[in-house]
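A closer look at the structure
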Amino acid sequence: MEISPLSISGAFVVTPRQFPDERGVFLEGFRVDHLAEAIGHNLQVMQDNISVSARGTVRGVHFADVPPGQAKYITAVHGALMDYVVDLRVGSPTFGRWESVLLDTTTRRAVYLAEGLGHAFCALEDDTTALYLCSTAYNPQREHGVNPLDPDLGLTFPEGITPLLSPKDEAAASLAQARDDGLLPSWQVCREFERSLRSG
């Protein structure tokens, strides 16, 4: 598999090698050793989540308090989605920037994002099924969100998509509000936590 960094520090796109034949296709969707070479430590998976979404569904932008935060490894096992990595780390050189990657069952790519980064996706087809591997279990007291429709954030969705949000995501704070309320993670704290993971 090929693991390439995105423009936001701590985010990577993973492109697996596929082996098709007359029966179908085989691939390695996740390799902890290969990912560790890119991120500098093993991703300890504590929970996996599966979501099934109608076309236009937008989930996110979600993030968790650091430490421990929640690193994620996301792929589409059915349908297609536009995946968004958002830098919410106050003080980061790329604070407020985002990058998107198409995840589908053609390339079968995945996205890894480190603790402190925000995550969202938009389903491009009905019954799009996303699989997330998470470094920590869900903790509602430490989970937060930024409204994906915040004009200052400026996420752009594929043409023809009408975003469908949950009430919780629709009521989430803007990026500026979350920053002013002290909800966002610190770039310095995230870097220190990353160093602690690398040192074991």
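Only a predicted model underlies this, so the values are computations on that prediction, with no experimental measurement involved.

**Considering the overall build of the protein chain**
Assigned secondary structure in the protein chain consists of four helices and 13 strands. Against the compact-globule benchmark of 16 Å for 200 residues, the protein chain has a radius of gyration of 16 Å, which places it among compact chains. Taken along its principal axes, the extent of the C-alpha atoms in the protein chain is 55 × 45 × 30 Å. Taking as baseline every contact in the protein chain between residues at least 6 positions apart, the subset at least 24 positions apart corresponds to 79%. Total accessible area on the protein chain is roughly 9900 Å²; 50% of this is exposed by carbon and sulfur atoms. Averaging the coordinates of the 16 positive side-chain charges in the protein chain and doing the same for the 26 negative ones gives two points 4 Å apart.

**Section: the UniProt feature "active site" (unreviewed entry) in the protein chain**
Look at the UniProt record and you will see "active site" (unreviewed entry) annotated at His62 and Tyr132. Their sequence span is 71 residues, while the largest C-alpha to C-alpha distance among them is just 12.9 Å; these annotated residues converge on one region. Checking the named residues against the second largest cavity, the ones that line it are His62. Given the relative accessible area of 26%, histidine 62 is considered partly exposed. Aside from chain neighbours lying at most four places away, what touches histidine 62 is Lys72, Leu117, Gly118, His119, His144, Gly145 and Asp169. A distance of 3.4 Å separates a polar side-chain atom of histidine 62 from the backbone nitrogen of glycine 60. With respect to the secondary-structure elements, tyrosine 132 resides in strand S12 (residues 128–134). Not counting residues within four places of it along the chain, the set of residues in contact with tyrosine 132 comprises Gln47, Asp48, Asn49, Ser51, Arg59, Tyr73, Ile74, His119 and Phe121.

**Considerations on unusual backbone geometry**
With an omega of 10°, the peptide bond between glycine 60 and valine 61 qualifies as cis. Its identity is not glycine, yet arginine 108 carries a phi of approximately 55°, on the positive side. In this structure arginine 108 comes out as partly exposed when scored by relative accessible area, which is 25%. Even without a glycine there, the phi angle at aspartate 127 is positive, about 65°. Position of aspartate 127 relative to the elements: it lies in the loop between strand S11 (117–123) and S12.

**What about the packing of aromatic side chains?**
Across all of its chains, the model carries five aromatic pairs by this definition. Ring plane angle 50° and centroid distance 6.2 Å describe the contact between phenylalanine 121 and tyrosine 132, whose orientation is recorded as tilted. A residue pair is termed long-range when its members are at least 10 positions apart, and phenylalanine 121 in strand S11 and tyrosine 132 in strand S12 qualify at eleven residues. Taken together, the ring pairs in this structure connect Tyr84, Trp98 and Phe157 into an aromatic cluster.

**Here we look at helix H4 (residues 187–199)**
Here H4 is 13 residues long and its end C-alpha atoms lie 18 Å apart, about the 18 Å a rise of 1.5 Å per residue gives. Where H4 is concerned, the buried positions are Trp187, Cys190 and Phe193. Along the axis of H4, the buried positions cluster into a sector of 130°, meaning they face one direction only. Along H4, exposed side chains directed more than 90 degrees from the buried face belong to Gln188 and Ser199. N-capping of H4 is provided by serine 186, with a side-chain oxygen placed 3.2 Å from the backbone N of glutamine 188. One or two residues past the end of H4 sits glycine 200, with phi positive at roughly 85°.

Rules and cut-offs
- Residues numbered from 1 in each chain as written.
- Predicted model: local features only at pLDDT ≥ 70, side-chain atom pairs only at ≥ 80, totals over all residues.
- Heavy atoms only, no water.
- Helix = DSSP H or I, 4+ residues; strand = E, 2+ residues; numbered from the N terminus.
- Rg over C-alpha atoms; globule rule 2.2 N^0.38 Å.
- Contact = heavy atoms within 4.5 Å.
- Areas by Shrake-Rupley, 256 points an atom, 1.4 Å probe, with all protein chains shown as cover.
- Lys, Arg positive; Asp, Glu negative; His and termini not counted.
- Charge placed at Lys NZ, Arg CZ, Asp CG, Glu CD.
- UniProt positions renumbered as here; feature names shortened; annotations may be inferred.
- 1 Å grid on protein atoms, 1.4 Å probe; cavity = no way out; pocket = protein on both sides within 12 Å on 5 of 7 lines; lining within 4 Å.
- Buried < 20%, exposed > 50% of the residue type's maximum accessible area, 1.4 Å probe, protein only.
- Polar contact = N/O pair within 3.5 Å; in protein donor to acceptor, adjacent residues only side chain to side chain.
- Phe/Tyr/Trp six-rings, centres within 6.5 Å; stacked < 30°, edge-to-face > 60°.
- Expected span 1.5 Å × (residues − 1).
- Arc of directions from axis to C-beta.

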